[in-house]
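Fold and geometry: a report
Residues per chain, in single letters:
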Amino acid sequence: MEDKISRVTIHGFMAKYYDTILNLITFGKYPGLLNKAIEIMNLKSDEKILDIGAGSGRNACLMHNYLNDNGEILGFDIEPVMIHQFKKKCVFDNTKIEKHDIIEPFPYVDYFDRVFISFVIHGFSRENRKIILKNINKSLKKGGKISIFDYGNFKFESQPFFIKTIFKIAECPYAFEYISDDREKMLTDIGFNNVKINELAGKYVTLTTAIKNS
Ligand SMILES: C[S@@+](CC[C@H](N)C(=O)[O-])C[C@H]1O[C@@H](n2cnc3c(N)ncnc32)[C@H](O)[C@@H]1O
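Keep in mind the model is a prediction, meaning the values are calculated, not measured. (Residues numbered from 1 in each chain as written. Predicted model: local features only at pLDDT ≥ 70, side-chain atom pairs only at ≥ 80, totals over all residues.)

**Considering the pairing of strand S4 (residues 112-118)**
With respect to burial, S4 is a largely interior element, six of its seven residues being buried. The pairing of strand S1 (residues 48-52) with S4 spans four bridges and is parallel. Paired with Ile49 across the strands is Arg114, a residue of S4. For the segment spanning S4, helix H6 (residues 126-139) and strand S5 (residues 140-151), crossover handedness is right-handed. (Buried ≥ 20, exposed ≤ 12 C-beta atoms within 10 Å, placed from the backbone. Helix = DSSP H or I, 4+ residues; strand = E, 2+ residues; numbered from the N terminus. Pairing = 2+ DSSP bridges. Right-handed = clockwise from strand over helix to strand, strands pointing away.)

**Section: the UniProt feature "domain: Methyltransferase" (unreviewed entry) in the protein**
In the numbering adopted here, UniProt assigns the feature "domain: Methyltransferase" (unreviewed entry) to residues 49-144. Helix makes up 32% of residues 49-144 and strand 28%, with an end-to-end C-alpha separation of 10 Å. (UniProt positions renumbered as here; feature names shortened; annotations may be inferred.)

**A few points about the site of the ligand**
Neighbouring residues of the ligand: 19 residues in total, closest Gly53, Gly55, Glu79, Ile102 and Ser118. Residues belonging to the shell around the ligand are distributed by class as follows: ten nonpolar, five polar and four charged. (Near = placed C-beta within 6 Å. Nonpolar A, V, L, I, M, F, W, Y, C, P; charged D, E, K, R; others polar.)

**Things to note about the sheet that holds strand S6 (residues 192-201)**
What the seven strands build is an open sheet, ordered S3-S2-S1-S4-S5-S7-S6; its pairing is mixed. The two strands at the open ends of the sheet, each matched to only one other strand, are strand S3 (95-99) and S6. The sheet shows a mean angle of 20° between the axes of neighbouring strands, taken without regard to direction. Sheet topology places S1 next to strand S2 (residues 72-77); five bridges connect them, and they run parallel. Bridging from a neighbouring strand, Ile49 pairs with Ile73 of S2. Taken strand by strand, H6 contacts S1, S4, S5, S6 and strand S7 (205-212), and its axis lies near 140° from that of S5. (Axes fitted to C-alpha atoms, helices over the stretch in contact; angles between N-to-C directions. Contact = placed C-beta atoms within 7 Å.)

**Concerning the nonpolar core**
Note that soluble globular proteins tend to have their nonpolar side chains buried in a common cluster. Formed by 50 residues in total, the largest nonpolar core has its most connected members in Leu50, Ile52, Met63, Phe86, Val115, Ile117 and Ile136. It is S5 that provides the largest number of residues to this core, a total of five residues. Contacts of Val115, omitting those with residues within four sequence positions, involve Leu50, Ile52, Ile136, Ser139, Leu140 and Ile146. (Core = buried A, V, L, I, M, F, W, Y, C linked by C-beta atoms within 7 Å.)

**Re helix H8 (residues 173-180)**
Within the sequence span of H8, burial applies to Tyr174, Ala175 and Tyr178. All buried residues of H8 lie within an arc of 100° about the axis, which places them on one face of the element. What points out from H8, more than 90 degrees from its buried face, is the exposed set Pro173 and Ser180. Buried positions along H8 lie against S5. (Arc of directions from axis to C-beta.)

Here is the structure:
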């Protein structure tokens, strides 16, 4: 069931024009940040990747550039408008999307080399975040990686007025928890190690990578 407090489930107009809106509200900076994040991930050409809350397929198409025919990308999303866009945009034999609620157990165990989750996890309660991270952990092979592209850690109260205003308008209460929660603890508690955080737009946007325990 949809969580009414969360704002990560995007419908209708917002879903159809999500990529364009994101480019506009970040003054054109978003594509550069995303490209950088994917470059840092250093994907191997035969990786099996799960893209959680895959959205329009923009991320999957970019990751696909790094793969050969042995690599695979599977997206999960629940929003039909997003799924439709993904199918139109990512027309490759080794890339597909399934309708799946990421709170529910994933139908893949010890299968993926990497799970990518971009601007999704901040929109869930701490309790649901744990469930999602456990689902991700189970779906990864031992030694597989999670890559989280999302807000970093920053103190909301110390931010300039315009950042506070934009964040308040755009984000739900769960995002306020997320920016203050310790990422290393969040991941090591679930069974990951070797947590690395790359700052992409200062502390505001980061790529956090960790490895599933062997
Ligand atoms: C903010 S958008 C980010 C989309 C994409 N990851 C990106 O970076 O462009 C969040 C996405 O998560 C999906 N989503 C939200 N809740 C979900 C859930 N419970 N299960 C699967 N997908 C979900 C939404 O439909 C939407 O496509």
